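# Architecture and fold: a report
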Amino acid sequence: MPIDLTTEEEQLLESDVPAERKSMELLVRLGDIFGAEEFVEIGSAQASGISYKSIGDPGVEFLEGFAEEGAEVDVETFANPAGMDINRWEEMGVSEEFARQQRRIVGALREMGVTVSFTCTPYLAGNLPGPNEHIAWAESSAVSFANSVIGARTNREGGPSALAAAITGRTPKHGLHLAENRQPTHLVNVDVPLETQADFAALGSWTGRIVEDGKPYFVGIESATTDQLKSLGAAMAATGAVALHFVGGLTTDADPPDNVETLQFGSEKHESEYAELSSTEDTDLIVFGCPHSSVDEIGTVADRLEGESLERDLWVCTSRSVKSQADRMGYTDTIEDAGGMVLSDTCNVVAPIEELGYESTATDSAKAASYLPGFGDQLVHFDDKLSLLEEAIE
Ligand code: F3S
């Protein structure tokens, strides 16, 4: 049965503004494909696919053309990371041509009214949805955090569908927008203590590969910080397509599941996952901030680097808003005095890292480890932050 449309939605389909009409047409098609019965209004959107590295010249032309066709967001819309720090691209070593094309993308987004926050952790940068609020976010770790930790409702949107939702202020009501689809599918017994963000990332990386797009329910995790939950969700979204998970007592409510597959995660799997993600100790760049760092994470790095000097490059990636907090706390100066860089707007995955001369990367993010160029070619070292810093201090 075709999706039901309100009068306002019918009007959007007939709009004189081409971008509005095309957006609504796309969403109606998607709603029909996924069997949605109606649309739901959204509180915010997250536009992804905005790095020049990811979308190239066709993407630049599409976004500029869409802006010219009257695309204008109807709800608060945050931009995912771009291919460079908008202000420090030269220091990163990004080419003039890349920067020029990236700036065209930024211009088109601004014209549409998108908040050029360039972060995958909008929830740390002023866009915190409420529990049960319907949203249309696109970046997989942000989607996981929004659904699981905050209890908001979003499917993992693609770049075009998130932009269409932003322009029309609505999305087809299917998938994780419906309560009946938000139930656990696997039980994961964790019987190894998890201490660092990397420990949580290793658990997520292992779980994601097994449950794929399932909704795991973890038991045995006594406590976790927001940053640890962020790492867990990002890893599962990277190695699988997990968009919702539960950590008994710590994340959004769900009853422990009955009659589902039960998985065991103990010390042996924990160690083997580190080995799975890490294939070298000889690296020339350390990257933290996948997902984008919180001010606490930056503080941890700064505390360790106080008065030290690094013998290899370090990027700490974050949002502009968190970076300005880190600046005020003196963390940025401490890290940069030691030889690192605190970058905003970008990350090692969407920046043109291959062109910057780096061949091997160290990270505490299972998501970054899985996406880095050369993963599988002995070029990534996965470990916790302090261990990686220890190895890099002169
Ligand atoms: Fe964010 Fe880039 Fe990682 S977008 S989740 S820092 S790959």
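Right, let's walk through the structure included here.

Calculation notes
Residues numbered from 1 in each chain as written. Predicted model: local features only at pLDDT ≥ 70, side-chain atom pairs only at ≥ 80, totals over all residues. Heavy atoms only, no water. Helix = DSSP H or I, 4+ residues; strand = E, 2+ residues; numbered from the N terminus. Rg over C-alpha atoms; globule rule 2.2 N^0.38 Å. Buried < 20%, exposed > 50% of the residue type's maximum accessible area, 1.4 Å probe, protein only. Contact = heavy atoms within 4.5 Å. Areas by Shrake-Rupley, 256 points an atom, 1.4 Å probe, with all protein chains shown as cover. 1 Å grid on protein atoms, 1.4 Å probe; cavity = no way out; pocket = protein on both sides within 12 Å on 5 of 7 lines; lining within 4 Å. Points joined across faces, edges and corners; volume = space filled by probe spheres on them. Pairing = 2+ DSSP bridges. Axes fitted to C-alpha atoms, helices over the stretch in contact; angles between N-to-C directions. Parallel < 35°, antiparallel > 145°, perpendicular 65-115°, else oblique. Left-handed = near helix turned anticlockwise from the far one by under 90°. Nonpolar A, V, L, I, M, F, W, Y, C, P; charged D, E, K, R; others polar. Patch = residues over 30% accessible without salt bridge, like charges linked within 9 Å, V, L, I, M, F, W, Y side chains within 5 Å. Salt bridge = Lys/Arg side-chain N within 4 Å of Asp/Glu carboxyl O. Lys, Arg positive; Asp, Glu negative; His and termini not counted. Charge placed at Lys NZ, Arg CZ, Asp CG, Glu CD.

We now examine the overall build of the protein chain. The number of helices and strands found in the protein chain is 15 helices and 13 strands. Here the C-alpha atoms of the protein chain give a radius of gyration of 21 Å, agreeing with the 21 Å that 2.2 N^0.38 yields for 394 residues. Seen through its principal axes, the protein chain has C-alpha atoms that stretch 65 × 55 × 40 Å. By the burial criterion, 59% of the 394 residues in the protein chain qualify as buried. Across the protein chain, contacts joining residues at least 24 apart in sequence account for 78% of those joining residues at least 6 apart. Accessible surface, the protein chain as shown: approximately 15,700 Å² in total, 44% of it carbon and sulfur.

We now examine helix 6 (residues 140-150). A turn of α-helix holds 3.6 residues, and therefore any two residues three or four places apart point the same way. Within helix 6, 10 of the 11 residues are buried, leaving the element largely enclosed by the surrounding structure. Among the residues making up helix 6, those that are buried are S140, S141, A142, V143, S144, F145, A146, N147, S148 and I150. At its buried positions, helix 6 is contacted by strand 2 (44-47), helix 9 (226-239), strand 9 (285-293) and helix 14 (366-371). Of the residues trailing helix 6, G151 is marked for its positive phi of about 85°.

This part covers empty space enclosed by the protein. Tallied over the full model, the rule gives one cavity of 30 Å³ or more. The space that makes up the largest cavity amounts to roughly 40 Å³. Surrounding the largest cavity, Q197, K230, S231, G289, C290, P291, E297, D364, S365 and K385 form its lining. At the level of secondary structure, the elements contributing two or more residues to the lining of the largest cavity comprise helix 9 and strand 9. The element contributing the most residues to the lining of the largest cavity is strand 9, with three residues.

For the rest of this paragraph, the subject is the sheet that holds strand 12 (residues 361-363). Read from one edge of the open sheet, five strands run 11-10-9-12-13, paired in parallel fashion. The sheet terminates laterally at strand 11 (341-344) and strand 13 (380-382), the two strands that pair on one side only. Going across the sheet, the axis of each strand differs from the next one's by a mean of 25°, ignoring polarity. Two elements, strand 9 and strand 12, share three bridges in a ladder whose sense is parallel. The partner of L285 across the bridge, within strand 12, is T361.

What follows concerns the packing of helix 6 against helix 9. It is the contact of helix 6 with helix 9, at a shortest axis distance of 8 Å, that shows an interaxial angle of 125°. The angle between helix 6 and helix 9 falls in the class oblique. Both helix 6 and helix 9 take part in a crossing whose hand is right-handed. Listed contacts from helix 9 to S140, S141, S144, F145 and V149 of helix 6 are T226, L229, K230, G233, A234 and A237. Partitioning the contact of helix 6 with helix 9 into residue classes produces five nonpolar, five polar and one charged.

A cluster of acidic side chains, namely D303, E306, D333 and D337, defines a negative patch on the protein surface. Residue E306 is classed as exposed on the basis of its relative accessible area, which comes to 55%.

The topology assignment puts D74 in the loop between helix 3 (52-68) and strand 3 (76-79). A relative accessible area of 52% places D74 in the exposed class. A C-alpha to C-alpha distance of 36 Å links D74 and E91, two positions 17 residues apart in sequence. The contacts of D74, once residues within four sequence positions are left out, are A166, I167, T168 and G169.

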